[in-house]
Amino acid sequence: MATIVDVRLPVEGFPLGMAIPEDPGLGIDLERIVPTTEGVLPFFWVRNCSSFERFERAVLATPAVRGVEVVSRVEGDRLYRARWDDRVEGIVTGLVETGATIVEAVGGEEGWRFELRFPERERVRAFQRYCRERELPIEVRRVSTIRERAAGSGYQLTDAQLETVRLAYDRGYFEEPRGVTQSELATAFGVSQRAISRRLRRGLSRLVANTIAK
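Residues numbered from 1 in each chain as written. Predicted model: local features only at pLDDT ≥ 70, side-chain atom pairs only at ≥ 80, totals over all residues. Heavy atoms only, no water.

K.L.:
What's the story with the overall build of the protein in this structure? I'm lost.
P.N.:
Each helix and strand in the protein was counted, giving 7 helices and 8 strands. A total of 214 residues make up the protein; the buried ones form 47% of that total. Contacts in the protein between residues far apart in sequence, at least 24 positions, make up 61% of those at least 6 positions apart. Counting every atom, the protein has about 11,000 Å² of accessible surface; 47% of that belongs to carbon and sulfur. (Helix = DSSP H or I, 4+ residues; strand = E, 2+ residues; numbered from the N terminus. Buried < 20%, exposed > 50% of the residue type's maximum accessible area, 1.4 Å probe, protein only. Contact = heavy atoms within 4.5 Å. Areas by Shrake-Rupley, 256 points an atom, 1.4 Å probe, with all protein chains shown as cover.)

Below you can see the structure in the form of structure tokens.
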């Protein structure tokens, strides 16, 4: 059965975080990781960046990153595609090798928070072994099956989706006029507006699927 794992890492525990100490307000939202014949290609948004040129130099100085390319620019933020060096056995290689799917990954001054989905519990143990053998500084906060999460939330929402939908409701996001904007919710959670938009869309979709659509 699919298993959800909440993982925390220090800023330096993920190569993209090397740029954060130089720019404490910087935030990074990892979109997805795509294995290809040319290597591993992580896509990620960079927000609140005071100097994208300095960010790129800092990231390229890490052994794990072979290159970065700007894919899109939206409202002052940038979507990047990084080319990973798969000879460096870091957490990205571990995620690919164990078949993990990134539900959400956010990095900032206080460190990284990953919400990962594995196809089965044994893959979780394999990922933990991988990190332990390479002394990767991960902290596993919570491990639960999709069924256990569903029983906890009642509607199969992830923790991040549940917290976001609940706060949006409490602050009047669904009222007319709205009591809070997506940007304000993003500030409250320390993520990008796009991340909030995705959480609300996916969270509401699961609510509908598990209530009126049943």
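K.L.:
Is there a simple way to think about the packing of helix H5 (residues 159–170) against helix H6 (residues 182–189) in this case?
P.N.:
What describes two packed helices is the angle between their axes and the distance between those same axes. It is the contact of H5 with H6, at a shortest axis distance of 11 Å, that shows an interaxial angle of 125°. When the axis of H5 is compared with that of H6, the two are oblique. Classified by chirality, the crossing of H6 by H5 is right-handed. Where H5 abuts H6, its residues Glu163, Thr164, Leu167 and Ala168 lie against Leu185, Ala188 and Phe189. Class assignment of the residues belonging to the contact of H5 with H6 gives a composition of 5 nonpolar, 1 polar and 1 charged. (Axes fitted to C-alpha atoms, helices over the stretch in contact; angles between N-to-C directions. Parallel < 35°, antiparallel > 145°, perpendicular 65-115°, else oblique. Left-handed = near helix turned anticlockwise from the far one by under 90°. Nonpolar A, V, L, I, M, F, W, Y, C, P; charged D, E, K, R; others polar.)

K.L.:
I keep staring at empty space enclosed by the protein and nothing clicks. Help me out?
P.N.:
Remark: the empty space left among the atoms is shown by a probe the size of a water molecule rolled over them. Enumeration according to the criterion identifies 1 cavity of 30 Å³ or more in this entry. Its boundaries defined by the atoms lining it, the largest cavity holds a volume of some 40 Å³. Every residue along the wall of the largest cavity is listed here: Ala19, Glu22, Asp23, Leu26, Cys49, Ser51, Arg54, Phe55 and Ala58. For the lining of the largest cavity, a count of residues per class yields 5 nonpolar, 1 polar and 3 charged. (1 Å grid on protein atoms, 1.4 Å probe; cavity = no way out; pocket = protein on both sides within 12 Å on 5 of 7 lines; lining within 4 Å. Points joined across faces, edges and corners; volume = space filled by probe spheres on them.)

K.L.:
Mind showing me how you'd approach the pattern of salt bridges here?
P.N.:
Pairing of side chains with opposite charge becomes possible as their charged atoms draw close. According to the stated counting rule, one finds 11 salt bridges in the structure shown. Linking Glu69 and Arg81 is a salt bridge whose minimum nitrogen-to-oxygen distance equals 2.5 Å. Pair noted here: Glu69 is in strand E4 (residues 65–74) and Arg81 is in strand E5 (residues 77–84), with a separation of 12 residues, a long-range link. For Glu69, a relative accessible area of 38% gives the class partly exposed. Note that Glu104 and Arg199 form a salt bridge whose closest N and O atoms lie 2.6 Å from each other. (Salt bridge = Lys/Arg side-chain N within 4 Å of Asp/Glu carboxyl O.)

K.L.:
Help me out: how do you make sense of the layout of surface pockets in this one?
P.N.:
Estimates place the volume of the largest pocket at around 560 Å³. The wall of the largest pocket is formed by 30 residues, among which Arg8, Val106, Glu110, Arg113 and Phe189 lie closest to the centre. Of all elements in the fold, only strand E1 (3–9), strand E6 (101–108), strand E7 (111–118), strand E8 (139–145) and H5 reach the threshold of two or more residues within the lining of the largest pocket. Considering every element that reaches the lining of the largest pocket, the biggest residue donor is E7, with 4 residues. There is about 280 Å³ of room inside the second largest pocket. Forming the boundary of the second largest pocket are 18 residues, of which Ile102, Val103, Glu104, Arg198 and Arg202 lie nearest the centre. Those elements that provide at least two residues to the lining of the second largest pocket are strand E2 (27–36), E6, E7, H5 and helix H7 (193–209). Tallying contributions element by element places E6 first for the lining of the second largest pocket, with 6 residues. A per-class count over the lining of the second largest pocket returns 6 nonpolar, 3 polar and 9 charged.

K.L.:
Even after reading the chapter, I still don't get the pairing of E5, so can you show me in this structure?
P.N.:
Regular strands place side chains that alternate from one sheet face to the opposite one. Counting buried positions over the 8 residues of E5 gives 6, a clear majority of the element. Bridge analysis of E4 against E5 gives 8 bridges, and the strand direction is antiparallel. Paired with Val68 across the strands is Ala82, a residue of E5. In textbook terms, the turn of a hairpin is the stretch between consecutive antiparallel strands, and for E4 and E5 this stretch comprises 2 residues, one of which, Glu75, has a positive phi near 50°. (Pairing = 2+ DSSP bridges.)

K.L.:
How should I be thinking about the side chain of Thr164 in this particular structure?
P.N.:
Structurally, Thr164 can be placed in helix H5. One polar contact links the side chain of Thr164 to the main-chain carbonyl oxygen of Ala160, over a distance of 2.7 Å. Those residues within four positions of Thr164 in sequence are excluded, and the remaining contacts are Phe189, Ile196, Arg199 and Leu200. (Polar contact = N/O pair within 3.5 Å; in protein donor to acceptor, adjacent residues only side chain to side chain.)

Honestly, it's all geometry; don't read function into it.
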